[in-house]
Amino acid sequence: PKLASPIAGLRSALLMQTKDHWQTGDSLLEYCEKIVLPFVNQQRRAAGDVDGHFLLLVDVYPSHLVVSFRQWCKRNRILLHYIYPGLTGELQPMDIAVQGPFKDFVTEFMEEYFQALLNQHMIANDGKFDSFDFLMKKSNLALPFLEAVGKANEKLMSDAGAKIRTMGWRIF
């Protein structure tokens, strides 16, 4: 994992990547140690209850089911509750109203980045893209990804984004 510097209004970001790009029990624990626990402890201090319990809602993704994650939650006084398949939209409207459009915007900006990268490569290589796969393997996507996140955040928080956010809540 790499701690990235602020981009487009982000105070900080933690970029993590597993070998196959899927979350594992180990990557989940690392995320929880570096992001979740500091946030939980900050909230505990703010509430004046440093020994208080927190409720964490997670879906049934395999890494959420591993024993080490459940033990970590217990050690850190975090009560774990599973959301069963099909209920995420009902219990987490932010997934529909905000995170869904946000992910779509990030995808849109990353597609623009890849298209520009491919166009540059083809111009530099007389229209051939046979080595483009090699170029992509060597590319560091952290900066373009953070830029896409920043642009997506700006778009979602704009006046036009307000309409998208409001429409997402109407389905409930």
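Residues numbered from 1 in each chain as written. Predicted model: local features only at pLDDT ≥ 70, side-chain atom pairs only at ≥ 80, totals over all residues. Heavy atoms only, no water.

A. The arrangement of the packing of helix α4 (residues 93-124) against helix α6 (residues 142-157) in detail. Taken N-terminus to C-terminus, the directions of α4 and α6 make an angle of 130°; their axes are 8 Å apart at the nearest point. As summarised for this structure, α4 and α6 are arranged oblique, according to the angle between their axes. In terms of crossing hand, the pair formed by α4 and α6 is right-handed. Across the interface between the two elements, Val-98, Pro-101, Phe-102, Phe-105, Val-106, Glu-108, Phe-109, Met-110 and Tyr-113 from α4 touch Pro-144, Phe-145, Ala-148, Val-149, Lys-151, Ala-152, Asn-153, Lys-155 and Leu-156 from α6. (Axes fitted to C-alpha atoms, helices over the stretch in contact; angles between N-to-C directions. Helix = DSSP H or I, 4+ residues; strand = E, 2+ residues; numbered from the N terminus. Parallel < 35°, antiparallel > 145°, perpendicular 65-115°, else oblique. Left-handed = near helix turned anticlockwise from the far one by under 90°. Contact = heavy atoms within 4.5 Å.)

B. Spotlight on the packing of helix α1 (residues 25-47) against helix α2 (residues 67-75). Closest axis-to-axis distance for the α1/α2 pair is 10 Å, and the angle between their directions is 20°. When the axis of α1 is compared with that of α2, the two are roughly parallel. Between α1 and α2 lies a crossing of right-handed hand. Residue-level contacts link Leu-28, Leu-29, Cys-32, Glu-33, Val-36 and Leu-37 of α1 to Ser-68, Phe-69 and Trp-72 of α2. Its residues placed into classes, the contact of α1 with α2 shows 7 nonpolar, 1 polar and 1 charged. (Nonpolar A, V, L, I, M, F, W, Y, C, P; charged D, E, K, R; others polar.)

C. Looking closely at the confidence of the model for the chain. Predicted confidence across the chain gives a mean pLDDT of 80, with 78% of residues reaching 70 or more. Summarising per-element confidence for the chain, the mean pLDDT is lowest in strand β1 (residues 2-4) (44) and highest in α2 (96). The low-confidence segment residues 1-8, where pLDDT is below 50, has 22 contacts with residues more than four positions distant or belonging to other chains. (pLDDT = per-residue confidence, 0-100.)

D. Focus on α2. Listed in full, the buried residues belonging to α2 are Phe-69, Trp-72 and Cys-73. For α2, the angular spread of the buried residues around the axis is 100°, confining them to a single face. Opposite the packed face of α2, turned more than 90 degrees from it, sit the exposed residues Lys-74 and Arg-75. Backbone geometry just after α2 places Arg-77 at a positive phi near 55°. (Buried < 20%, exposed > 50% of the residue type's maximum accessible area, 1.4 Å probe, protein only. Arc of directions from axis to C-beta.)

E. Broad picture of the environment of Phe-109. Inspection of the secondary structure puts Phe-109 in helix α4. On the accessibility criterion, Phe-109 (15% relative accessible area) is buried. The sequence separation of Phe-109 and Ala-148 amounts to 39 residues, and the corresponding C-alpha distance is 5.4 Å. Phe-109 has contacts with Ala-148, Lys-151, Ala-152 and Lys-155, leaving out every residue within four places of it along the chain.

F. A look at the environment of Lys-103. By secondary structure assignment, the location of Lys-103 is in helix α4. A relative accessible area of 56% means that Lys-103 is categorised as exposed. Separated by 49 residues in the primary sequence, Lys-103 and Ala-152 have C-alpha atoms spaced 7.9 Å apart.

G. Broad picture of the side chain of Ser-63. The topology assignment puts Ser-63 in the loop between β3 (54-59) and α2. On the accessibility criterion, Ser-63 (4% relative accessible area) is buried. Side-chain polar atoms of Ser-63 contact the side chain of Gln-23, separated by 2.7 Å. With residues up to four places along the chain from it excluded, the contact list for Ser-63 reads Gln-23, Thr-24, Gly-25, Leu-28 and Phe-69. (Polar contact = N/O pair within 3.5 Å; in protein donor to acceptor, adjacent residues only side chain to side chain.)

H. Examining the pattern of salt bridges more closely. Per the stated rule, a full pass over the model turns up 2 salt bridges. For Glu-30, the salt bridge is made with Lys-34, and the minimal N-O distance between the two is 3.1 Å. Here the residue Glu-30 and the residue Lys-34 both occupy positions in helix α1, the gap between them amounting to 4 residues, near one helical turn. Classification of Lys-34 as partly exposed rests on a relative accessible area of 44%. Residue Lys-155 is joined to Glu-108 by a salt bridge in which the shortest nitrogen-to-oxygen separation is 3.3 Å. Residue Lys-155 is located in helix α6, and its partner Glu-108 is located in helix α4; the two are separated by 47 residues in the primary sequence. Overall, Lys-155 belongs to the partly exposed group, its relative accessible area being 32%. (Salt bridge = Lys/Arg side-chain N within 4 Å of Asp/Glu carboxyl O.)

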